[in-house]
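Geometric and topological summary
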Amino acid sequence: MTIIVIIIVLALAFDFINGFHDTANAIAMSVSTRALSPRFAVIFAGVLNFIGAITSQAVAKSIGGKIADPFHIENGMAIVIAALLSAIFWNLITWYFGIPSSSSHTLIGSVAGAVIFGSGLHSINWVGFTDIIKGLIISPFLAFFVGFILMKILRVLFKNANPHRATRGFRSIQIIAGGLAAFSHGGNDGQKTMGIIVFALVAAGYQSTLDVPFWVQLICAAAMGLGTMIGGMRIIKTVAKKLFKVQPINGFAADLSSFAVMQGATLLGVPVSTTHVASCSILGVGSAKRFRGVNWGVAGRMVITWVITLPISAAIAGIFITIIKIFL
């Protein structure tokens, strides 16, 4: 029981850090276009993160059962602890330096690394793990495409509109789009930690299904919502201001594109990176406006971080699991 309590505390710590680490994904556009003040935006996003996180269980079940089988795994408790410690460590490092890395990549890489080093390469469910990786790869490209097309459509529809009136109108409805993005962010990211806790409960023999108990949903959603409310502006400055100059119509298109991709993935039970989706939505919208106006240098550095996160977090988890197995 003591180990389960430790796991739950670590999971909630990760969820809390994930909240402020990924705050930018849901509110960067609204803050950048001044549709919302930073202080109100993080509260607004935090509430909708919470609501989104308790609406379904599909993503949680994917995380809990697709990377490895918790019903037949060795060293299940040690694996979960190592994975969470690794994910927390890498999230804090990237947050401190303002690097918009993916918490999803971090967590998935950490779990895979902990399983490989803790139970053996054969313990990875390669079919399920490959499906998750496919979702992580496809979703950013889809977000870019949706953002690009939506921005092109909006430019045609409003090409003759009064600029001042259009800006004021899009600044207002962007609040709705930003809220939807925050809701879908909670729905996908919030469930990942739930899946880790369920993995631990099954591995420890406390439950026999991958269903998420309501109390797990509640505490994970609360931790993420609170983390989002406390939030930080480091990553917002990168996502919202350094990719390209944002206007309300661009922010609306980016937020709506992010919501469409993330919500679709959540309904299908596919865990995706909200950082990837949000950033690529912005890049797609920016490209539709003016391709050369996008800061592709910053985008390139972000992509490099995304690519290295999986293997680095897996290696860190391997170090943690090696140490933990000595004491457990």
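All figures in this text were calculated on a predicted structure; none of them were measured in a lab.

**Focus on the packing of aromatic side chains**
Within the structure shown, the criterion is met by five aromatic pairs. Taking 5.5 Å as the distance between ring centres and 55° as the angle between the ring planes, the aromatic pair formed by Phe170 and Phe252 counts as tilted. Highlighted residues: Phe170 in helix 8 (residues 163-203) and Phe252 in helix 11 (residues 248-268), separated in sequence by 82 residues. The same class applies to Phe170 and to Phe252, which are both buried. A connected cluster of aromatic rings, assembled from ring pairs, spans Phe158, Phe170 and Phe252.

**A few points about unusual backbone geometry**
For Asn75, which is not glycine, the phi torsion reads 55° and is therefore positive. By relative accessible area, which is 35% here, Asn75 ends up partly exposed.

**Regarding the nonpolar core**
Formed by 51 residues in total, the largest nonpolar core has its most connected members in Leu84 and Ile108. Taken together, the elements giving at least two residues each to this core come down to helix 1 (2-21), helix 4 (58-65), helix 5 (76-96), helix 6 (103-119), helix 7 (126-157), helix 8, helix 9 (214-230) and helix 13 (296-327). Those residues in contact with Ile108, other than ones at most four positions away along the chain, are Ile63, Ile67, Phe129, Ile132, Leu136 and Leu310. Counting residues in hydrophobic clusters, the runner-up holds 15 residues, among them Leu150, Phe252, Ala253 and Ala288.

**As for the pattern of salt bridges**
Throughout the structure, instances matching the rule amount to two salt bridges. A salt bridge links Asp211 to Lys61; its shortest N-O distance comes to 2.9 Å. Here Lys61 lies in helix 4 and Asp211 lies in the loop between helix 8 and helix 9, a separation of 150 residues in the sequence. Its relative accessible area of 39% is what places Asp211 among the partly exposed residues.

**Let's talk about a nonpolar patch on the surface**
Residues Ile137, Ile138, Phe141, Leu142, Phe145, Ile149, Ile153, Leu157 and Phe158 make up a contiguous nonpolar surface patch of roughly 920 Å² in combined accessible area. Relative to the elements of secondary structure, Ile138 occurs in helix 7. Note on Ile138: relative accessible area 52%, which makes it exposed.

**With respect to the side chain of Thr193**
Assignment of secondary structure puts Thr193 in helix 8. Judged by its relative accessible area of 1%, Thr193 falls in the buried class. Residues in contact with Thr193, not counting those within four places in the same chain, are Ala11, Phe14, Asp15, Leu107 and Cys220.

Cut-offs used in this document
- Residues numbered from 1 in each chain as written.
- Predicted model: local features only at pLDDT ≥ 70, side-chain atom pairs only at ≥ 80, totals over all residues.
- Heavy atoms only, no water.
- Phe/Tyr/Trp six-rings, centres within 6.5 Å; stacked < 30°, edge-to-face > 60°.
- Helix = DSSP H or I, 4+ residues; strand = E, 2+ residues; numbered from the N terminus.
- Buried < 20%, exposed > 50% of the residue type's maximum accessible area, 1.4 Å probe, protein only.
- Core = buried A, V, L, I, M, F, W, Y, C linked by side-chain atoms within 4.5 Å.
- Contact = heavy atoms within 4.5 Å.
- Salt bridge = Lys/Arg side-chain N within 4 Å of Asp/Glu carboxyl O.
- Patch = residues over 30% accessible without salt bridge, like charges linked within 9 Å, V, L, I, M, F, W, Y side chains within 5 Å.
- Areas by Shrake-Rupley, 256 points an atom, 1.4 Å probe, with all protein chains shown as cover.

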